Amino acid sequence: MDTPDIYFARIGYTGPRTPTLDVLKEICAKHPAAIVFENIDPFLGRTPVLSPAALHEKLVVNGRGGYCFEQNALLRDVLVTLGMTVTALAARVVWMAPPDMPARPRTHMLLKAEVGDAPGQSFIVDAGFGGQLFNVPLLLVPGLEQDTPTGPMRIVAEAGMHAVEALTPQGWSPLYRFGLDPCLPVDYEPLNWFTATHPSSIFRNNLLIQTVTSRGRTGLINDRLMTSTGQTRRIEDAQAYEAVLRQEFNLALPVPAGELFARIPKGLDGIAAPGRD
């Protein structure tokens, strides 16, 4: 059994292995439902390893999840084996940030994909944006409103860049801004190191876990669980925390749940500021 076989078993995909739009849609739907977004390693002070072998071992064999550099590097390799044309890109995250915020570094990885039965079209694919995880390929046509299981989304063009936006109760809000210049795997090494280790990184100071299915998103920010039904509750102890990680996310853990629960900031509505340690 080769790596794609094990990967497809991991996400529960049994369909054809052809470079078509239907196959891309199905994989995009199943991947984040099975391989959840999580930043346990950076939260524990460990820098994720981005080699194909390490990603396969962690995300596919060991039942873990990962953050954007891990999720989308794995997904890129799988889509390429199917014959799709995939370009890796980098983005500046602006989700929930004030409009006048100074420019942030490019700390997010996403993909642009082309498939055989949609000539002349490109799709933005992203299995690793933990702030607003989505599970559909977005047609790269500026201004086109696109329905997704988690609400309308669109891509807009602005000042030579593009932005992925989601429709919120307050209106359209950008997730991140990106250019179309391709990145090589080596380009993500310093971005991954910075994101995993910088004292100001949210992933050093908070534990974020999220999955998305046809029913919607389920997310855990430190001790605050938000279910796909819109309910929110606090996790009160380590035993309940372990139950949530296994039942809601089916997530294997590299350390005991009690260790994670002891470290996470508690009682916050949002994320912890840098300097928690």
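Everything here concerns the structure above.
If you're wondering where the values come from, they're calculated on a predicted model, not measured in any experiment.

Q: I'm lost on the packing of helix H2 (residues 21–34) against helix H5 (residues 68–81) in this one. Help?
A: Axes are the key here: two packed helices are described by the angle between their axes and the distance separating the axes. One way to put it is that H2 packs onto H5 with a least axis distance of 12 Å and a crossing angle of 150 degrees. Judged by the inter-axis angle, H2 sits roughly antiparallel to H5. Considering only the axes of H2 and H5, their crossing is right-handed. Contacts between H2 and H5 pair Leu24, Ile27 and His31 from the former with Gln71, Leu74, Leu75 and Leu79 from the latter. Across the contact of H2 with H5, the residue classes tally to five nonpolar, two polar and no charged.

Q: Just checking my understanding: could you explain the sheet that holds strand E9 (residues 208–213) for this structure?
A: Paired through backbone hydrogen bonds, the strands of a sheet run either parallel or antiparallel to each other. Read across the open sheet, the five strands follow the order E1-E9-E10-E11-E12; overall the sheet is antiparallel. The open sheet terminates on both sides in strands that have one partner only, identified here as strand E1 (37–38) and strand E12 (232–234). Relative to E9, E1 runs antiparallel, the two sharing two bridges. Of the residues in E9, the one forming a bridge with Phe37 is Gln210. Strand contacts of helix H8 (residues 238–247): E9, strand E10 (216–221), strand E11 (224–226) and E12, with the helix running at about 150 degrees to E10, the strand carrying the most contacts.

Q: Before we go on, may I ask you to explain the pairing of strand E3 (residues 106–114) in this structure?
A: Within a regular strand, side chains alternate between the sheet's two faces. Most of E3 sits out of view: eight of its nine residues are buried. Of the strand pairs in this sheet, strand E2 (residues 85–93) and E3 are connected by eight bridges, and their pairing is antiparallel. Bridge pairing in E3 links Ala91 to His108.

Q: Where do I start with the packing of aromatic side chains in this structure?
A: How two aromatic rings sit relative to each other is set out by the distance from centre to centre and by the angle between their planes. Per the stated rule, a full pass over the model turns up nine aromatic pairs. Pairing Tyr67 with Phe69 gives two aromatic rings, centres 5.5 Å apart and planes at 80 degrees, and the pair type is edge-to-face. Tyr67 gets classed as buried once you look at its relative accessible area, which sits at 1%. When the ring of Tyr67 is compared with that of Phe203, the centres are 5.5 Å apart and the planes differ by 75 degrees; the resulting orientation is edge-to-face. Remark: Phe203 occurs in helix H7 (residues 202–205) and Tyr67 occurs in the loop between helix H4 (52–61) and H5; sequence separation between them is 136 residues. In this structure, Tyr67 and Phe203 share a single accessibility class: buried. Taken together, the ring pairs in this structure connect Phe37, Tyr67, Phe69, Tyr188 and Phe203 into an aromatic cluster. The ring of Phe261 carries the charged tip of Lys266 above its face, separated from the ring centre by 4.7 Å.

Basis of the calculations
- Residues numbered from 1 in each chain as written.
- Predicted model: local features only at pLDDT ≥ 70, side-chain atom pairs only at ≥ 80, totals over all residues.
- Heavy atoms only, no water.
- Axes fitted to C-alpha atoms, helices over the stretch in contact; angles between N-to-C directions.
- Helix = DSSP H or I, 4+ residues; strand = E, 2+ residues; numbered from the N terminus.
- Parallel < 35°, antiparallel > 145°, perpendicular 65-115°, else oblique.
- Left-handed = near helix turned anticlockwise from the far one by under 90°.
- Contact = heavy atoms within 4.5 Å.
- Nonpolar A, V, L, I, M, F, W, Y, C, P; charged D, E, K, R; others polar.
- Pairing = 2+ DSSP bridges.
- Buried < 20%, exposed > 50% of the residue type's maximum accessible area, 1.4 Å probe, protein only.
- Phe/Tyr/Trp six-rings, centres within 6.5 Å; stacked < 30°, edge-to-face > 60°.
- Lys NZ or Arg CZ within 6 Å of the ring centre and 35° of its normal.

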